[in-house]
Amino acid sequence: MNIALKWSLGCVAALVILFFAYAAFMVFVSNPKIIEELRTQPHGERAKKVMLLTFTSGKTIPVNYLEQNGKVYIGADGPWWRQFTDDGATVTLLIRGNTLSGHARTIMDDPAYVEDIFSRLRPTVPKWLPEWLNGKLVEVVPSQS
């Protein structure tokens, strides 16, 4: 095996290890700290941009959000958005200390709408970034109490 191939394989292996290490750090270290912060400091700086999303399975993750026109918009960067395709699903939101239930669905069929919402939800995303790297838009319609 030539030296260039060995270096290439070594770099690919290092990137794979870094990816999994980063994912493990987020799941086991960072996310629990953020979840605790959002629960104990509902009016803190982070809570202005991040909320807790709880799935019907009970799993809870912190996500960035935008409240607008009676809806809550979420930028989904992981594969979990697939739970909200087709008919969507029921979720629970913790936004600045307030718990809401609602119906979530991933917006797949309206690129202009997605672009419009993302322009406010994620205004600092570079314009050159391919659309497929910008995540998916999940729209939550809160239930009426």
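Let us look at the structure shown here. (Residues numbered from 1 in each chain as written. Predicted model: local features only at pLDDT ≥ 70, side-chain atom pairs only at ≥ 80, totals over all residues. Heavy atoms only, no water.)

All chains considered together, the criterion is met by four aromatic pairs. An angle of 70° between the planes, with centres 5.9 Å apart, marks the rings of Phe55 and Trp80 as edge-to-face. Of this pair, Phe55 sits in the loop between β1 (50-54) and β2 (60-68) while Trp80 sits in the loop between β3 (71-76) and β4 (89-95), placing them 25 residues apart in sequence. Judged by its relative accessible area of 5%, Phe55 is buried. Ring plane angle 10° and centroid distance 5.9 Å describe the contact between Phe55 and Phe84, whose orientation is recorded as stacked. Taken as a pair, Phe55 in the loop between β1 and β2 and Phe84 in the loop between β3 and β4 lie far apart in primary sequence, 29 residues in all. Each member of the aromatic cluster is reached from another via a ring pair, and the members are Phe55, Trp80 and Phe84. Directly above the aromatic system of Trp81 lies the positively charged group of Lys136, at a separation of 5.2 Å from the ring centroid. (Phe/Tyr/Trp six-rings, centres within 6.5 Å; stacked < 30°, edge-to-face > 60°. Helix = DSSP H or I, 4+ residues; strand = E, 2+ residues; numbered from the N terminus. Buried < 20%, exposed > 50% of the residue type's maximum accessible area, 1.4 Å probe, protein only. Lys NZ or Arg CZ within 6 Å of the ring centre and 35° of its normal.)

Residues Val114, Ile117, Phe118 and Leu121 constitute the buried set of helix α2 (residues 111-121). For α2, the buried positions fall inside an angular range of 100° around the axis, keeping them on one side. Facing away from the buried surface of α2 by more than 90 degrees, the exposed residues are Ala112 and Glu115. (Arc of directions from axis to C-beta.)

The biggest cluster of nonpolar side chains holds 19 residues, and the ones touching the most others in it are Leu53, Trp80 and Val138. Mapped by element, the contributors of at least two residues to this core are β1, β2, β3, β4 and β6 (136-142). Top element by residues in this core is β4. It accounts for four residues. Setting aside anything within four residues of it in sequence, one finds Val138 in contact with Val72, Tyr73, Ile74, Ala76, Trp80, Trp81, Phe84, Ala104, Arg105 and Thr106. Counting residues in hydrophobic clusters, the runner-up holds eight residues, among them Leu66, Tyr73, Ile117 and Phe118. (Core = buried A, V, L, I, M, F, W, Y, C linked by side-chain atoms within 4.5 Å. Contact = heavy atoms within 4.5 Å.)

The next subject is the pairing of β6. Of all seven residues in β6, five are buried; the element is thus mostly enclosed. As paired elements, β3 and β6 share five bridges and run antiparallel to each other. Residue Tyr73 lies in a different strand from β6, and its bridge partner there is Glu139. Here strand β5 (residues 98-106) pairs with β6 via five bridges, running antiparallel. What sits directly across from Ala104, in β6, is Val140. (Pairing = 2+ DSSP bridges.)

We now examine the sheet that holds β6. The antiparallel closed barrel is built from six strands, whose spatial order is β1-β2-β3-β6-β5-β4. Strand-to-strand, the axes of this sheet are offset by a mean angle of 45°, without reference to chain direction. The sheet contact formed by β1 and β2 spans five bridges and is antiparallel. By the bridge assignment, Leu53 is partnered in β2 with Ile61. (Axes fitted to C-alpha atoms, helices over the stretch in contact; angles between N-to-C directions.)

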